[in-house]
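Fold and geometry: a report
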Amino acid sequence: MTSQIRSIIAKTVELPAGIDSLTDTADLYEAGMTSFGSVQLMLALEEAFDVEFPERMLNRKLFSSVASISAALDELVAERAES
């Protein structure tokens, strides 16, 4: 899943150094992601994974790294499978 997330980040967020130079735990905001970029990323992730981020997840911390995004998506995909 992380490779798909990285691909989506590369397509939707302009990072000066690029996503390939960052670890999964690197802070995307420190790497240059803007608030507008995080909204674009959220929408792209929702479309790609057929999920909707609930209001409780809409915060800066969730979108701050590939690892945190992956954990949230794992949770959302698991919830969808249970319903």
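Attention in this report is confined to the structure presented alongside it. (Residues numbered from 1 in each chain as written. Predicted model: local features only at pLDDT ≥ 70, side-chain atom pairs only at ≥ 80, totals over all residues. Heavy atoms only, no water.)

**Describing helix H2 (residues 35-49)**
If you check H2, its first and last C-alpha atoms are 21 Å apart, about what 15 residues at 1.5 Å a residue would give, namely 21 Å. Along H2, the residues classified as buried are Gly37, Ser38, Leu41, Met42, Leu45, Glu46 and Phe49. Among the structural elements, helix H1 (2-12) and helix H3 (66-82) are those in contact with the buried residues of H2. Asp50 occupies a position one or two residues after H2 and carries a positive phi of about 55°. (Helix = DSSP H or I, 4+ residues; strand = E, 2+ residues; numbered from the N terminus. Expected span 1.5 Å × (residues − 1). Buried < 20%, exposed > 50% of the residue type's maximum accessible area, 1.4 Å probe, protein only. Contact = heavy atoms within 4.5 Å.)

**Some remarks on the nonpolar core**
Counting 26 residues, the largest nonpolar core has Ile9, Leu15, Leu45, Phe53, Phe63 and Ile69 as its most contacted members. With five residues, the top contributor of residues to this core is H3. Ignoring sequence-local partners within four residues, the contact set of Leu45 consists of Ile5, Ile8, Asp50, Val51, Phe53, Phe63, Ile69 and Leu73. (Core = buried A, V, L, I, M, F, W, Y, C linked by side-chain atoms within 4.5 Å.)

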